[in-house]
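Residues per chain, in single letters:
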Amino acid sequence: MKILTDKGLVAFWNKIKQLVLGNRPYNPSEFSGKGYKVLEKNIQTVDGVKKNILTAVMINQPNTIYEIRYDFDLNGETIEIQEGCVLKFEGGSLANGNLKLQNTKLSGKIKLSTLLFGTFENKIFYTKNINTEFFQNNVCKVVNNLVNICSKSNAILHINSGEYIINSYENPDNVCVNIPNKIIIEGDGYENTILKLSTDLYINRYIKLFSAQTVENVRISNLQLDCNGRNGIITDQESYFFLFNADTAKNVCIKGCKVYDNPSRQSIRIGANAEHKSNSIEIRDCLFEVSGNDSVGGKKQSDHSSVYINGNNVIIANNQFVNGTDLTEGSIFNVCSAVELHSDNVRCYGNYIKNYKSGINVIATVANHINSIYTNNIFERVASAFDFWCTENHKLDNIQVFNNIIKKASNNNAAFNFNNCDSGIGNIHIYSNDISYIDEEGNTSSFSSVFEWNKQKDGNLFITNNHIHDYPSGIFYCTKNSNDEEKLNLHFQNNTINKCGSSKSTTENLLLGIGVYNCKLGDLLVSGNTFVNCSAKLIPIKIYKGFIDKYICINNFLDKYSLGNYTVGDKGVLADICVVKNNSAPNTNLLDISANKVEASSWNGSELTLKTANEANPVSVHSISYGKAIPTSGTNEVGNIVINVDSINSTIFGWLCVTRGTPGKWRPFGRQYPSKDFIGSTPYRPSLTNDDEGFTFYDATLKKMILWNGTTWVNMDGTELAVAISNEQGAENPS
């Protein structure tokens, strides 16, 4: 009989375990594949407490599957898992320590009360794999830990259903979770996965749930931040509770999230200033409910915007911004802008905004704001739908606002407010919107117009094809634009004004359809508009005390009012060119012309043509003719006008002779786009001519703005669009 030594007994026992437990060592020389080991109990008494201790020596082989059948305690240690291992949970758990992984795969019914470092092989990690009590007691620490390992492992972090109390910070900047590059965080839906701020945190004014100074490639979706606003939280306006915050960000998408009861200044802030400009930002399908003053904790808040973004290529789509307290006539929300965008190439569409002082702030105060589209949004009970800002020589340019529904409440603020445009504007197109006042007219003597402009700055403002109705005030009011060098060009065309104007007030700006006071304008084109069923006090068009380069008022229809008036004496209007023609109104005799300032060359009922008014003794009579193109023969004087009879199918309203000659030199005026869309897929680009040079179009196929240079479509910087590589593949300009 052979007597076994201790070493032999160990080997024999290992053979038995290999047969019974399936254990096998990793041995590539024998082509073993991954090794396999069932972790056995290791009962020890630590500080008088019996524990099942997992030690490093028990789990120190590479490329091995470790089966975890029992509950193990790491005794506060960090256990390093070797390369290529699998932790297979078969009813057991790991707790009280840290695991350092090396491309480790976690499988089975994972149950951890540890922090994880290194990388794992899993493509998605669920927080249900973390012991509930451990997670609830260490929410920020655990989420920070999982966010980092998921980022390094190219894995998704899935936060399962539950309400998790945020009661601590992970760094001195009051950041709960530091966001790394390249991370996806998702929940089970914003009604199920709820991260709730503890009121214990409110001793600090800044709370940032997910935050980074510089970050890229981030997606956060389907979860809720409950800010738990309570009375007395906000002591001044400089308080922030952020769902997401980044000074500079690139390729960030926040989708399907909810921010609830936020009494502070902002809920999402991306791009802190001009030096921190971000790119490719999307906020989609989110709900912002109870913000700023609407929260009981925000009564001292004086500046709020639920979403603030400074960056390029921004999409704000299909979100809801809802406050519960109805905004009514006479009430004032000191705060609460839904969206504040200091951005270029914005696509803001499909949003619903209710009970906000300002719906969308379109801003150029730290940089230019250009090439942006705002469409198909619904505004209900807002004081102002669009608030335009530009300062410090920054421009708003190529802004298109169309197909929005605006149901205004509160007598404060214009629906479209331009009173903060200190730098002037480039081109702003406002068209095909439905604009109304949602309540009955009150007794107030003060009520803002639909559009207001009171700056001495230049710009091109196109207001066309809008339906304005049931609005107890004036439509457009312009004042204080008196700078010689900078003049606003206003085109007010093809709008329908129905049941507008105050029936109770005697305040003048409430009684003006289009009111221009004390202004120096470039082009003022008022054409094709319809005024019906309006207040008997409404004066559809009134222009007084100012100077206009070219005033064209033609083809308007008024069911029962005078066309408007010029007041005489020191309030008379100077106009280089003035054409009032083909308007339908019961009475146009209120058109009083100050004889010492302008002279009528002809006057026949509703038709009026004027001589030049910029000379002491005007001598040149301006001829008005009609055609489809500029003259090709005959001698023409400076100031002669050809009205385009095919303007419905053209972008040009007419032509003006600027140099005397045969036929003279002409330039177009009254650029309009009544039959052309500003957005669409590649096959639906509008058909344009050389007269349309400068027209911009958002190509939904290419996902970018393009420019018509008079001959072909090009990039916004004038460079050619991409050509086809083969068989039209990759072509941006189809042949």
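Just so it is clear, the structure is predicted and the values come from calculations on it, not from any experiment. (Residues numbered from 1 in each chain as written. Predicted model: local features only at pLDDT ≥ 70, side-chain atom pairs only at ≥ 80, totals over all residues. Heavy atoms only, no water.)

Q: Is there a simple way to explain the overall build of the protein in this structure?
A: In terms of regular secondary structure, the protein is built from three helices and 58 strands. The contacts in the protein between residues at least 6 apart in sequence include a share of 69% that link residues at least 24 apart. Carbon and sulfur atoms make up 46% of the accessible area of the protein, which amounts to about 30,500 Å² in all. (Helix = DSSP H or I, 4+ residues; strand = E, 2+ residues; numbered from the N terminus. Contact = heavy atoms within 4.5 Å. Areas by Shrake-Rupley, 256 points an atom, 1.4 Å probe, with all protein chains shown as cover.)

Q: Explain the state of the cysteines to me, please; I cannot follow it from the model alone.
A: Where two cysteines share a covalent bond between their sulfur atoms, that bond is called a disulfide. Under the defined criterion, the tally for this structure stands at zero disulfides. Between Cys390, a cysteine without a disulfide, and Cys421, which holds the nearest cysteine sulfur, the sulfur-to-sulfur distance is 3.9 Å. (Disulfide = S-S within 2.5 Å.)

Q: Can you walk me through the nonpolar core in this structure?
A: Generally speaking, soluble globular proteins have nonpolar side chains that are buried together. In terms of nonpolar packing, the biggest core is built from 136 residues, with Leu87, Phe210, Phe244, Phe386, Phe388 and Phe416 touching the most fellow members. Ranked by the residues each element gives to this core, the list is headed by helix 3 (residues 139-152), at eight residues. For Leu87, the contacting residues outside a window of four places in its chain are Ile59, Tyr66, Ile68, Ile81, Leu94, Leu99, Leu101, Thr104, Lys105, Leu106 and Ser107. (Core = buried A, V, L, I, M, F, W, Y, C linked by side-chain atoms within 4.5 Å. Buried < 20%, exposed > 50% of the residue type's maximum accessible area, 1.4 Å probe, protein only.)

Q: Before we go on, may I ask you to explain the environment of Asp470 in this structure?
A: Along the polypeptide, Asp470 turns up in strand 38 (residues 467-471). According to the relative accessible area criterion, Asp470 is partly exposed, its value standing at 36%.

Q: Help me understand the pairing of strand 32 (residues 405-408), please; the structure alone is not making it clear to me.
A: Regular strands place their side chains on alternate faces of the sheet. With burial as the criterion, only one face of strand 32 is covered, namely that bearing Ile406 and Lys408; the residues Ile405 and Lys407 on the opposite face remain uncovered. Bridge analysis of strand 32 against strand 35 (residues 434-437) gives four bridges, and the strand direction is parallel. In the sheet register, Lys408 faces strand 35, and the bridge partner there is Tyr437. (Pairing = 2+ DSSP bridges.)

Q: Hey, could you run me through the pairing of strand 20 (residues 266-270) in this one?
A: Of all five residues in strand 20, five are buried; the element is thus mostly enclosed. Examined bridge by bridge, strand 20 and strand 23 (residues 305-317) share four bridges and lie parallel to one another. Across the sheet, the residue bridging to Arg269 is Tyr308, located in strand 23.

Q: Mind showing me how you'd approach the packing of aromatic side chains here?
A: Centre-to-centre distance and the angle between the planes together describe a pair of aromatic rings. For the coordinates displayed, the defined rule picks out 15 aromatic pairs. Arranged with centres 6.4 Å apart and planes meeting at 70°, the rings of Tyr437 and Tyr471 form a pair that is edge-to-face. Residue Tyr437 is found in strand 35, and its partner Tyr471 is found in strand 38; the two are separated by 34 residues along the sequence. Judged by its relative accessible area of 0%, Tyr471 is buried. It is Lys128 that lies over the ring of Tyr126; its NZ or CZ is 5.2 Å from the centre. (Phe/Tyr/Trp six-rings, centres within 6.5 Å; stacked < 30°, edge-to-face > 60°. Lys NZ or Arg CZ within 6 Å of the ring centre and 35° of its normal.)

Q: How should the pattern of salt bridges be read in this particular structure?
A: For side chains bearing opposite charge, pairing can occur when the charged atoms are close. If you walk through the whole model with that rule in mind, you get eight salt bridges. Between Asp285 and Lys255 there is a salt bridge, with the nearest N and O atoms lying 3.4 Å from each other. Pair noted here: Asp285 is in the loop between strand 21 (278-284) and strand 22 (287-291) and Lys255 is in strand 18 (residues 240-255), with a separation of 30 residues, a long-range link. According to the relative accessible area criterion, Asp285 is partly exposed, its value standing at 31%. The exposure class of Lys255 is partly exposed, given its relative accessible area of 29%. Overlapping salt bridges bring together Glu191, Lys258 and Glu289 as one network. (Salt bridge = Lys/Arg side-chain N within 4 Å of Asp/Glu carboxyl O.)

Q: How should I be thinking about helix 3 in this particular structure?
A: Owing to its 3.6 residues per turn, the α-helix brings residues three or four apart onto one side. In this model, helix 3 (14 residues) spans 20 Å end to end at C-alpha, consistent with the 20 Å of a helix rising 1.5 Å per residue. For helix 3, the tally of buried residues reaches eleven of 14 residues, placing the bulk of the element in the interior. Turning to helix 3, its buried residues are Val139, Cys140, Val142, Val143, Asn144, Asn145, Leu146, Val147, Ile149, Cys150 and Ser151. Downstream of helix 3 by a residue or two, Asn154 has a phi angle that is positive, lying close to 55°. (Expected span 1.5 Å × (residues − 1).)

Q: I would appreciate a short explanation of unusual backbone geometry in the present structure.
A: A negative phi angle characterises most non-glycine residues, just as the trans form characterises most peptide bonds. Of the consecutive residues Thr662 and Pro663, the connecting peptide bond is found in the cis state with omega at 5°. Note on placement: Pro663 falls in the loop between strand 53 (652-659) and strand 54 (665-671). One non-glycine residue with positive phi stands out, namely Asn75, at about 55°. Here Asn75 shows up in the loop between strand 5 (71-73) and strand 6 (78-80). Phi is positive for Asn318, which is not a glycine, with a value near 60°. The topology assignment puts Asn318 in the loop between strand 23 and strand 24 (320-322). For Asn318, a relative accessible area of 37% puts it in the partly exposed group.

Q: Sorry, what's going on with the confidence of the model for the protein here?
A: Summing up the model confidence of the protein, the mean pLDDT is 78 and the portion of residues at 70 or higher is 74%. For the stretch residues 724-729, pLDDT sits under 50, and the model shows five contacts to residues farther than four places along the chain or on other chains. (pLDDT = per-residue confidence, 0-100.)

Q: Explain the environment of Pro28 here, please?
A: In this structure, Pro28 sits in the loop between helix 1 (6-21) and strand 1 (35-38). Judged by its relative accessible area of 49%, Pro28 falls in the partly exposed class. Note: C-alpha distance between Pro28 and Asn63 (35 residues apart in sequence) is 9.8 Å.

Q: Teacher, can you tell me more about the side chain of Asn398 here?
A: The residue Asn398 is located in strand 31 (residues 396-402) in this model. Within the structure, Asn398 has its side chain in polar contact with the side chain of Asn371 (distance 2.8 Å). (Polar contact = N/O pair within 3.5 Å; in protein donor to acceptor, adjacent residues only side chain to side chain.)

Q: Explain the environment of Glu121 to me, please; I cannot follow it from the model alone.
A: Mapping Glu121 onto the fold places it in the loop between strand 9 (112-120) and strand 10 (124-126). Owing to a relative accessible area of 40%, Glu121 belongs among the partly exposed residues under this scheme. In this structure, the C-alpha to C-alpha distance between Glu121 and Gln102, residues 19 residues apart in sequence, is 8.7 Å. Ignoring any residue separated from it by four or fewer positions in sequence, one finds Glu121 in contact with Asn103, Thr104 and Lys105.

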